[in-house]
Amino acid sequence: MAEAAEDDVLKLTTEEERAQIAADLLVPQQKVVAPALVRSFAFARTAAVPHVLLGLADNRLLLVALSPDTSQELATVALPAHPSDVRSLALSADASLLLSTSNHSARLWNAHTSACVSVVHDTGYALCSLFAPGDRYVLLGTKSGHIDIVMAASGEIVAQVEAHSEAVWSMALLPGDAGIVSGGADKTLKFWNFDLQKLQGSSKRTLSLVLTQTVVMEDDVLAITISRDSKFLAVALLDNTVKVFFADSMKFFLSLYGHKLPVLSLDISADSLLLITASADKNVKIWGLDFGECRRSLFAHNDSVMQVKFVGDTHLFFSAGKDNAIKYWDADKHKLIHTLDGHHGEVWCLAISKDGKALFSGSHDRSVRVWRQTHEQVFIDEEEEMRMDKMFESEMQKKGDEEDFAPGEMELESAMAGRRDLESVKAGERIIEALEMVEAEEQNVSGYETALAKLRASLSPHEVKQLDDSDGWDERLPPPQPSAFLRGKSPSDFLLEIVVAIRPDVLEQALLLLNFSTTVMFMRHLLRWVQEEKRVEMSCRCLFQLLQQHHNQIIASASTRDLLLRLQETVRPVLRKSKDMMGMNLAALSYLKRDMQANSKAQLFRMADKIERIKERDRMRAEQPRASKRRKKR
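Residues numbered from 1 in each chain as written. Predicted model: local features only at pLDDT ≥ 70, side-chain atom pairs only at ≥ 80, totals over all residues. Heavy atoms only, no water.

This part is about the overall build of the chain. A count of helical and extended segments in the chain gives 12 helices and 29 strands. For the chain, the proportion of its 634 residues judged to be buried stands at 38%. Taking all contacts inside the chain whose residues are at least 6 apart in sequence as the whole, residues at least 24 apart take part in 43%. A total accessible area of about 38,400 Å² is found for the chain, and carbon and sulfur atoms account for 53% of it. (Helix = DSSP H or I, 4+ residues; strand = E, 2+ residues; numbered from the N terminus. Buried < 20%, exposed > 50% of the residue type's maximum accessible area, 1.4 Å probe, protein only. Contact = heavy atoms within 4.5 Å. Areas by Shrake-Rupley, 256 points an atom, 1.4 Å probe, with all protein chains shown as cover.)

Okay, the sheet that holds strand S29 (residues 368–372) next. Strand order in the open sheet formed by 3 strands is S27-S28-S29, and the pairing between neighbours is antiparallel. The open sheet is flanked by strand S27 (347–352) and S29, the only strands paired with a single partner. Strand-to-strand twist in this sheet, taken as the mean axis angle between neighbours without regard to direction, amounts to 20 degrees. In terms of strand pairing, strand S28 (residues 358–363) meets S29 through 5 bridges, oriented antiparallel. Directly across from Gly-362, in S29, lies its bridge partner Val-368. (Pairing = 2+ DSSP bridges. Axes fitted to C-alpha atoms, helices over the stretch in contact; angles between N-to-C directions.)

With that out of the way, let us pick up the packing of helix H4 (residues 422–458) against helix H9 (residues 516–531). The geometry of H4 relative to H9 is characterised by a closest axis approach of 11 Å and an angle of 70 degrees between their N-to-C directions. Considered as vectors, H4 and H9 are oriented roughly perpendicular to each other. Mapping the contact onto sequence places Leu-435, Val-438, Glu-439 and Glu-442 in H4 and Thr-518, Met-521, Phe-522, His-525 and Arg-528 in H9. A class-by-class count of the residues in the contact of H4 with H9 yields 4 nonpolar, 2 polar and 3 charged. (Parallel < 35°, antiparallel > 145°, perpendicular 65-115°, else oblique. Nonpolar A, V, L, I, M, F, W, Y, C, P; charged D, E, K, R; others polar.)

Throughout the structure, instances matching the rule amount to 9 aromatic pairs. Relative to Phe-252, the ring of Phe-245 lies with its centre 5.9 Å away and its plane at 75 degrees, an arrangement referred to as edge-to-face. Here Phe-245 falls in the buried class, since its relative accessible area comes to 9%. For Phe-252, a relative accessible area of 44% gives the class partly exposed. Taken together, a centroid distance of 6.1 Å and an interplanar angle of 80 degrees make the contact between Phe-522 and Trp-529 edge-to-face. Classification of Phe-522 by relative accessible area gives buried; the value is 0%. (Phe/Tyr/Trp six-rings, centres within 6.5 Å; stacked < 30°, edge-to-face > 60°.)

We now examine the sheet that holds strand S1 (residues 38–43). Read from one edge of the open sheet, 4 strands run S1-S2-S3-S4, paired in antiparallel fashion. Where the open sheet ends on each side, the last strands, each with one partner, are S1 and strand S4 (71–78). Strand-to-strand twist across the sheet, computed as the mean angle between neighbouring axes with direction ignored, equals 20 degrees. Inspection of the sheet shows S1 paired to strand S2 (residues 51–56) by 5 bridges, in the antiparallel sense. Within S2, the position partnered with Phe-43 by the bridge is Val-52.

This paragraph deals with the side chain of Asp-330. Here Asp-330 is to be found in strand S25 (residues 325–330). At 4.8 Å, Lys-333 is the nearest oppositely charged side chain to Asp-330, a buried residue that forms no salt bridge. Asp-330 has contacts with His-315, Leu-316, Lys-335 and Ile-337, leaving out every residue within four places of it along the chain. (Lys, Arg positive; Asp, Glu negative; His and termini not counted. Salt bridge = Lys/Arg side-chain N within 4 Å of Asp/Glu carboxyl O.)

Applying the stated criterion across every chain yields a total of 9 salt bridges. Here Asp-493 makes a salt bridge to Lys-534, at a shortest N to O gap of 2.9 Å. Taken together, the residues Asp-493 in helix H7 (residues 491–500) and Lys-534 in the loop between H9 and helix H10 (536–549) connect sequence positions 41 residues apart. The exposure class of Asp-493 is partly exposed, given its relative accessible area of 29%. Judged by its relative accessible area of 27%, Lys-534 falls in the partly exposed class.

Membership of the largest hydrophobic core comes to 36 residues, with the highest contact counts inside it found for Ile-431, Leu-495, Leu-507, Leu-511, Phe-522 and Trp-529. Of all elements in the fold, only H4, H7, helix H8 (504–511), H9, H10 and helix H12 (561–633) reach the threshold of two or more residues within this core. The greatest single-element share of this core, amounting to 8 residues, is contributed by H9. If you look at the next biggest cluster of nonpolar residues, it comprises 17 residues, including Ala-132, Ile-147, Val-158 and Ile-180. (Core = buried A, V, L, I, M, F, W, Y, C linked by side-chain atoms within 4.5 Å.)

Where the model shows low pLDDT, its predicted coordinates should not be examined in detail. A residue-level look at the chain finds 87% of positions with pLDDT of 70 or above and a mean pLDDT of 83. Of all helices and strands in the chain, the one with the weakest mean pLDDT is helix H1 (residues 2–11) (48), whereas strand S20 (residues 274–279) scores best (96). (pLDDT = per-residue confidence, 0-100.)

Before going further, it helps to examine the environment of Ala-132. Tracing the chain through its elements places Ala-132 in the loop between strand S7 (116–131) and strand S8 (137–142). Along the backbone, Ala-132 and Val-150 are 18 residues apart, and their C-alpha atoms lie at a distance of 9.9 Å. Those residues in contact with Ala-132 that sit more than four places away from it in its chain are Tyr-137, Val-138, Phe-194 and Leu-207.

In terms of burial, H7 is largely enclosed, as 7 of its 10 residues are buried. Regarding H7, the residues found buried are Pro-491, Ser-492, Phe-494, Leu-495, Leu-496, Ile-498 and Val-499. Of the surrounding secondary structure, the elements contacted by the buried residues of H7 are H4, H8, H9 and H10.

Bringing the environment of Cys-540 into the picture now. Note on placement: Cys-540 falls in helix H10. Expressed as a C-alpha distance, the spacing of Cys-540 and Leu-527, which sit 13 residues apart in the sequence, is 8.8 Å. The residues contacting Cys-540, other than those within four sequence positions of it, are Val-530, Val-571 and Leu-575.

Bringing the pairing of S25 into the picture now. Taking burial as the measure, the 6 residues of S25 include 6 buried ones, the bulk of the element. Of the two faces of S25, both are covered, the one formed by Ala-325, Lys-327 and Trp-329 as well as the one formed by Ile-326, Tyr-328 and Asp-330. Inspection of the sheet shows strand S24 (residues 316–321) paired to S25 by 5 bridges, in the antiparallel sense. Its bridge partner being in S25, Leu-316 is matched across the sheet by Asp-330. As judged from the 6 bridges shared by S25 and strand S26 (residues 335–341), these two strands associate in the antiparallel manner.

Below, the structure is given as structure tokens:
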């Protein structure tokens, strides 16, 4: 019956029929209602009562006991991390507290121990934040246009200010810490002063904001920054421009053009000489605040650049982008110093301590990472070389993956085991460099021998005999000094050492880099190694690959005809000799194998006989006491 039912199920083809069968076979037994979206679950295998562990979207773990009728929540573990993207970071004046914000929550952390101090709930979607003077209160600019005033110690929202009609994108402290300036998507800049007001029904005073001035801009305000000397106020607008004003009077000073997409972040150096802007066009621009000239445009990231921050009193700065990377730059030399990799999602925000020894970053992966300055030295040239090597290798990898075939051409069934990468390119360069050194050394030796032959021909036989007897040729014509790069080896042995040090799979790809002239030089050395029976197998493998690789040029060139004839005369006998030697070695190994097997079998038989004799002896010793007892009884 069961087999017949299974056959009937397999015959069903329509989705409706399959759904009916599933509904008949799968019956709901218990329903568990979780307080948040369930992202994962796992059943306990060892518990007597069925238990299920739920992973919730708000970073909680919920353990539930299942029974036939009801379900019971046994335990809850709440993780201190954010349940969504970390959109803004702010650091207290003494760098002891760190504020991080996300959708509907904000968290205060101990910047030294990374422990969560307090959690602020129901904040809305906080897009920007900062600490008020004294670090007792924090301000949160939300997507709904409110500015929430939160007490840092308790995480309680003490006031909510209707600041803008649309999202609050940026806030900055005013000169003298008397208030803040906020910018939003409603195309306005608003200036606020701090004030202490009494709470209703209480004698306690709490921080509040009083609006003092509103400035209407041409487009949405995306970012605001004020110079440390309170001289300039820079505003980034949605129309891709940056407006610079005098902070005390809001008198217009400069308008900066050049970005193709909106500027998302900006910062002014401590000496008010430089302004850096980060844009969605993947570029970071460095501007001079004297005349507003663009000093350098840097292609900083592979995606939108979300934030830039100067480090302390220097012209060094960090940039964060949607390509998951944080980069460290020198604004004077316009060079990349170092790249910090670690985030698994877009990096939205940065915060830096005043001394520049601690960097905090918030990301789409819901994490806040802490980076500490070390005493390890970074060499810019080496870092640049490593980056270029990685780019070169990735480009070669991409070309290899996207290799196309001509129309109608069939893909090869077999090919070289390796593939071209940075290692094979460097190996090819080492071979070419060694060939050039060896060729120069051999030319020096050949020139010396030619000059020595001419000198012998120009002298009389008596003088030649005197020089031969006294070994005075070196004084008459000093020989050339060997190159120190050869390390005391002959040119051919030096080249052989270079080639042997390369792995076989890398060597195949490295030989593809040799052009025809270097191939002919290399083949001469390969012929010499074969004649001297040095690395015969490797030499022949390289010879056959080069002959196949440059076949048309080799057979068409008259200069290689003599080389080919010498190869034909030399390679075949040497290979036959190597083959005979290998055959003899294989035969000897086979004989040794058979001899060892025969000896092992004979030894096994001898051991078996010995064991039988031992057993027989033990049996006879055990019977002797019994026989003596029988005699005594008789």
